[in-house]
Number of protein chains: 2
Amino acid sequence: MGEESTDSGSRGAPTSIDVARRAGVSQAAVSLVLGGKAAGRVGKKSQEAILRAAKELGYAPNSAARTLRSGRSQVIALVVPDVNNPFFAAVFEGAECAARKEGYSVILITLKDIQDWQQLINKAFTTYAVEGWVLYTMRVPTAPLQELLRDKAILVDGFTNEMPSLLLNIAHGMSDMMQHLIQLGHTRIAHLAAAPDDETFLLRHRVYREQLQQHKIPYRDDYQVRSAFTLESSYQAAYQLLTLKDAPTAIVCDSDMLAAGVYQAAHTLHLTIPADVSVTGFDDSLVSRILVPPLTTVAIPTQTLGEQTIALLLSVLEKKQAPYFDSLPLSLVVRGSTTTIADK
Amino acid sequence: MGEESTDSGSRGAPTSIDVARRAGVSQAAVSLVLGGKAAGRVGKKSQEAILRAAKELGYAPNSAARTLRSGRSQVIALVVPDVNNPFFAAVFEGAECAARKEGYSVILITLKDIQDWQQLINKAFTTYAVEGWVLYTMRVPTAPLQELLRDKAILVDGFTNEMPSLLLNIAHGMSDMMQHLIQLGHTRIAHLAAAPDDETFLLRHRVYREQLQQHKIPYRDDYQVRSAFTLESSYQAAYQLLTLKDAPTAIVCDSDMLAAGVYQAAHTLHLTIPADVSVTGFDDSLVSRILVPPLTTVAIPTQTLGEQTIALLLSVLEKKQAPYFDSLPLSLVVRGSTTTIADK
DNA sequence: CTGAAAGCGCTTACAG
DNA sequence: CTGAAAGCGCTTACAG
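The structure presented is a predicted model; accordingly, all values stated were derived computationally and were not measured. (Residues numbered from 1 in each chain as written. Chains lettered and ligands numbered in written order. Predicted model: local features only at pLDDT ≥ 70, side-chain atom pairs only at ≥ 80, totals over all residues. Heavy atoms only, no water.)

Novice: Could you give me a rundown of the packing of helix H1 (residues 16–23) of chain B against helix H3 (residues 44–57) of chain B, with the residues and numbers involved?
Specialist: Residues and elements named next belong to chain B. In contact at an axis separation of 9 Å, H1 and H3 are set at 125 degrees when each is read in the N-to-C sense. As far as their axial angle goes, H3 and H1 are oblique. Here H1 runs over H3; the crossing is right-handed. Where H1 abuts H3, its residues Asp18, Val19, Arg22 and Ala23 lie against Ala49, Ile50, Ala53, Ala54, Glu56 and Leu57. Counted by class, the contact of H1 with H3 contains 7 nonpolar, no polar and 3 charged residues. (Axes fitted to C-alpha atoms, helices over the stretch in contact; angles between N-to-C directions. Helix = DSSP H or I, 4+ residues; strand = E, 2+ residues; numbered from the N terminus. Parallel < 35°, antiparallel > 145°, perpendicular 65-115°, else oblique. Left-handed = near helix turned anticlockwise from the far one by under 90°. Contact = heavy atoms within 4.5 Å. Nonpolar A, V, L, I, M, F, W, Y, C, P; charged D, E, K, R; others polar.)

Novice: Can you lay out the pairing of strand E5 (residues 165–168) of chain B for me, pointing to particular residues and giving the numbers?
Specialist: In the case of a regular strand, side chains alternate between the two sheet surfaces. All names here are of chain B. In this sheet, E5 lies alongside strand E4 (residues 153–156) in parallel orientation, the contact comprising 2 bridges. In the strand pairing of E5, Val156 is matched with Leu166. In terms of strand pairing, E5 meets strand E11 (residues 326–328) through 3 bridges, oriented parallel. Residue Leu166 lies in a different strand from E11, and its bridge partner there is Asp326. (Pairing = 2+ DSSP bridges.)

Novice: So what about the protein's contact with DNA strand D? Which residues, and what values?
Specialist: Looking at DNA strand D, there are 27 residues lining it, with Ser16(A), Gln27(A), Ser31(A), Gly43(B) and Arg69(B) nearest. Restricting attention to atoms of DNA strand D within 4 Å of the protein, one finds that 61% of them are sugar or phosphate atoms. The contact in question runs from a phosphate oxygen of DNA strand D to an N or O atom on the side chain of Ser31(A), over 2.2 Å. Measuring from a phosphate oxygen of DNA strand D, one finds a side-chain N or O atom of Tyr59(A) at 3.0 Å. Looking at the surface near DNA strand D, the element that brings in the most residues is helix H2 (residues 27–34) of chain A, giving 4 residues. (Near = heavy atom within 4 Å. Polar contact = N/O pair within 3.5 Å; in protein donor to acceptor, adjacent residues only side chain to side chain.)

Novice: Could you give an account of the pattern of salt bridges, with specific residues and numbers?
Specialist: Residues and elements named next belong to chain A. The final tally for this structure, using the stated rule, is 24 salt bridges over all chains. For Arg289, the salt bridge goes to Asp284, with nearest N and O atoms at 3.9 Å. One network of salt bridges, with partners in common, ties together Arg188, Arg220, Asp222 and Asp246. (Salt bridge = Lys/Arg side-chain N within 4 Å of Asp/Glu carboxyl O.)

Novice: Break down the protein's contact with DNA strand C for me, with residues and values.
Specialist: Taken together, the neighbourhood of DNA strand C is formed by 27 residues, with Gly43(A), Arg69(A), Ser16(B), Gln27(B) and Ser31(B) sitting nearest. The sugar-phosphate share of atoms of DNA strand C within 4 Å of the protein amounts to 58%. A distance of 3.4 Å separates a sugar or linking oxygen of DNA strand C from a polar backbone atom of Asn62(B). Residue Arg69(B) places a side-chain N or O atom 2.8 Å away from a base oxygen belonging to DNA strand C. Of all the elements in the fold, those that place two or more residues in the surface near DNA strand C are helix H4 (63–70) of chain A together with helix H2 (27–34) and helix H4 (63–70) of chain B.

Novice: Lay out the relation of the copies chain B and chain A with the relevant residues and their values.
Specialist: Relative to chain A, chain B is turned by 180 degrees and slid 0.0 Å along the rotation axis, the superposed coordinates differing by an RMSD of 0.1 Å. Within this description, the copies of the chain are treated as partners about a two-fold rotation axis. Relative to the rotation axis, the C-alpha of Ala64(B) is the closest in chain B, positioned 2.4 Å from it. A shared binding surface is used by both copies, with 100% of the interface residues of chain B retained as interface residues in chain A. (Least-squares fit on C-alpha atoms with pLDDT ≥ 70 in both.)

Novice: Just give me the short version of the side chain of Thr338(B), but keep the residues and values in it.
Specialist: All names here are of chain B. Within the secondary structure, Thr338 is located in the segment after strand E12 (331–333). Using a relative accessible area of 10% as the deciding quantity, one classes Thr338 as buried. Side chain to side chain, Thr338 and Thr296 meet in a polar contact 2.8 Å long. (Buried < 20%, exposed > 50% of the residue type's maximum accessible area, 1.4 Å probe, protein only.)

Novice: Outline the packing of helix H8 (residues 170–183) of chain B against helix H9 (residues 199–214) of chain B, listing residues and values.
Specialist: Angle between the axes and distance between the axes: these two values describe a pair of packed helices. Residues and elements named next belong to chain B. Interhelical geometry of H8 versus H9 gives an angle of 40 degrees and a closest axis separation of 9 Å. Taken together, the axes of H8 and H9 are oblique relative to one another. In this structure, the crossing between H8 and H9 has a hand that is right-handed. Where H8 abuts H9, its residues Ile170, Ala171, Met174, Ser175, Met178, Gln179 and Ile182 lie against Thr200, Leu203, Arg204, Val207, Tyr208, Gln211 and Leu212.

Novice: So what's going on with the nonpolar core? Which residues, and what values?
Specialist: Ranked by internal contacts, the top residues of the largest apolar core, which has 149 residues, are Tyr136(A) and Tyr136(B). Core analysis: the second largest hydrophobic core is formed by 37 residues, Tyr128(A), Ala77(B), Val130(B) and Met163(B) among them. (Core = buried A, V, L, I, M, F, W, Y, C linked by side-chain atoms within 4.5 Å.)

Novice: Let's hear about helix H10 (residues 231–242) of chain A: which residues, and what values?
Specialist: Counted at 1.5 Å a residue, the expected span for H10(A) with its 12 residues is 16 Å, and the 16 Å between its end C-alpha atoms agrees. If you check which residues of H10(A) are buried, you get Leu231(A), Ser234(A), Ala237(A), Ala238(A), Leu241(A) and Leu242(A). Looking down the long axis of H10(A), one finds its buried residues gathered within 135 degrees of arc, a one-sided arrangement. Exposed residues pointing more than 90 degrees away from the buried face of H10(A) are listed as Glu232(A) and Gln236(A). Buried residues along H10(A) sit in contact with strand E6 (189–194), strand E7 (224–227), strand E8 (250–253) and helix H11 (256–268) of chain A together with helix H12 (286–290) of chain B. (Expected span 1.5 Å × (residues − 1). Arc of directions from axis to C-beta.)

Novice: So what's going on with the packing of aromatic side chains? Which residues, and what values?
Specialist: If you walk through the whole model with that rule in mind, you get 12 aromatic pairs over all chains. Summarising the aromatic geometry, the rings of Phe201(A) and Phe229(A) are spaced 6.0 Å apart at their centres and angled 45 degrees between planes, so their arrangement reads as tilted. Placement of the pair is Phe201(A) in helix H9 (residues 199–214) and Phe229(A) in the loop between E7 and H10, with a sequence separation of 28 residues. The interplanar angle of 85 degrees and the centroid separation of 5.3 Å between the aromatic rings of Phe88(B) and Tyr136(B) together place this pair among those described as edge-to-face. Here the residue Phe88(B) occupies a position in helix H5 (residues 86–101), and Tyr136(B) occupies one in the loop between strand E3 (132–135) and helix H7 (143–149), the gap between them amounting to 48 residues. Sitting over the face of the ring of Phe282(A), Arg204(A) holds its NZ or CZ atom 4.1 Å from the ring centroid. Above the face of the Tyr219(B) ring, Arg209(B) is positioned so that its terminal group lies 3.6 Å from the ring centre. (Phe/Tyr/Trp six-rings, centres within 6.5 Å; stacked < 30°, edge-to-face > 60°. Lys NZ or Arg CZ within 6 Å of the ring centre and 35° of its normal.)

Novice: Run through the domain arrangement of chain A, naming residues and quoting values.
Specialist: Domains assigned within chain A are domain 1 (16–61), domain 2 (73–168 + 302–328) and domain 3 (170–300). Computed from C-alpha atoms alone, the centre-to-centre distance between domain 1 of chain A and domain 3 of chain A is 61 Å. (Domains from an automatic or database assignment.)

Novice: Hey, could you go over the interface of chain B and chain A for me, with residue numbers and the actual values?
Specialist: Listed as interface residues are 55 residues of chain B and, on the opposing side, 55 residues of chain A. With both sides pooled, the region where chain B packs onto chain A buries about 4200 Å², and carbon together with sulfur makes up 60% of that total. Of all residues in chain B, Asn84(B), Ile290(B) and Val292(B) bury the most surface against chain A, accounting for 13% of the area lost on that side. The tally of links between chain B and chain A comes to 0 salt bridges. Only H4, H5, strand E2 (105–110), helix H6 (116–127), helix H11 (256–268) and H12 of chain B provide two or more residues apiece to the side of chain B that touches chain A. Residue contributions to the side of chain B that touches chain A peak at 7 residues, all from H4(B). Residues belonging to the side of chain B that touches chain A are distributed by class as follows: 31 nonpolar, 15 polar and 9 charged. (Buried area = accessible area lost by both parts, 1.4 Å probe.)

Novice: Describe in detail unusual backbone geometry, supporting the description with residues and values.
Specialist: Here the bond from Ile273(A) into Pro274(A) is cis, since omega is 5 degrees, no more than 30 degrees from zero. Cis geometry marks the peptide bond from Val292(B) to Pro293(B), where omega comes out at -5 degrees. Notably, Gln74(A) is not glycine yet its phi reads approximately 65 degrees, a positive angle. Counting through the fold element by element, Gln74(A) comes out in the loop between H4 and strand E1 (75–80). Phi angles above zero are rare outside glycine, and Asp157(B) is one such case at about 55 degrees. Structurally, Asp157(B) is set in the loop between E4 and E5. Asp157(B) sits in the buried class, given a relative accessible area of 9%.

Here's what the structure looks like:
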């Protein structure tokens, strides 16, 4: 015998063998019944006995054994840049909810630095048995990782030829936002952009310029600032804009989190939102509702996003259909942070 | 042969046998080297050959097999009521960071309703191989669950005889907060309490009353309101307080999230914080820094909390010491939402 | 409808 | 220092 022998029955968790013994059936029958595959394979009497015995013993199938044998863990990993951004917390909740309906669970992996790619994913590979990956990181993974993730990962709000994407209609949302401000009479519109030069943010900027051009509003270099996703950074950036000689009457932010910095700077400068300056966000996260006045923003519907994400990933995993590229519509949510341009 | 036979080598993921074959060693040697247990057991030459072969094949150990055989998954589950509350997102990050240093990973489980206890934990039991549990839910689990969790779970900010607790010094934090307001000259101090009647919130209320009494300030029933953790609810509660004939000059909230509702209500009523009313929170989450002016609050240090939580859980799992009860000190963070009482 | 058995990919004690 | 082998607890095809 290979190992420290243990008298069965008195050990930690009960196994399917313990349940079988108690119910007077074979171990295989236990597995079938608890796996929901007993139809026409196990008699009524046995089924009842098995369920009773399992309950009495407090039996739960060993997930490692199940995963090892079946090759299926029913676990999906969601990779995001930062959970502390309430938007990604909502994305997690949306994905978790959609996944649960399909019998899957979601683990959350935070990818703070780009260097973490290797480390974190390797860790996830050796720690969890992850069946599928949803990457919402605005960063395309490195080549060796793409190989590991082939046919089991999708990208959200990003594009690469190496894996299917769920695209968001960022351009439409941004363009709605610009038109909203222009209709309110704004012409001095600044852009507080996100510092990372991911495609999703570059796109926002492109639409910002296009809209200015279409409405014959001159583009001004001094109305362009960029900020990291910290309050300090966005505060500084906003302060710079608001203290310009010819300060903007509206500031378009790439994210609700960045807009929070504008609120701080406006307060410092005794400016009132929206009377003195209109402010807009992007995401429609908790942040947009907490700010006073509530933030006009572009809503990314996290529940729908979760559903579509899970649907796309499962279709990829099951190879039911060729990877497709979809585009989720975003909608403008007008709240109290924008108003018509004041005559001063 | 039991099953669809597969010619080894050409299947999905490479196994330790593939690596062994390529390196010209036994499968066991591969396991030892990649498990970091090769010291004095495998020769230098073999080790190098194994590592090279593993790299070339892109080998990663199968986690389900490892967990099944070793009985250790290195996974800890953190159960919280709501990830959308930025405080719990920070708690997750703190725990994840501390756990990683010890070689563990953390999965996040959200427990919205008390009814979910059974369902979610059972699911976690059968989906993940969870070694240890951290319950930060302000709810003590039901009896049958306590049995399942025996000797592998700890409770944060809650108490039961059934499992070890990490206690937070809520009383101290709340008492500091009350003294801060009283020193500023406030006597009309209202309490916007959390609706759930968990011990942690009842304690805040007890300290609130004690402090009033100690400073000979009369307790007023009309200064007591309770609110769920939604903006709508806390807005309503705050509105009620602020429209009293004899409105309070300070509102003490059980959580930063609740304070956000006070900001909204104050804005509606054209009241300025802190000039017209001082507001305080609890947690020191992202919310407290986003609000304008930033919120005076009681800080729960999520990084330290994560470290202590993991340390306590691991000591319980390893049975290195008897479960102990510790109490994490909290500190007052004075920001811009509180000021001296204005003479009107 | 039921039972006996193979085997998922590892870890680990043991014999050499 | 190396190799052969047992076995973790399941799932699933197969023989009855």
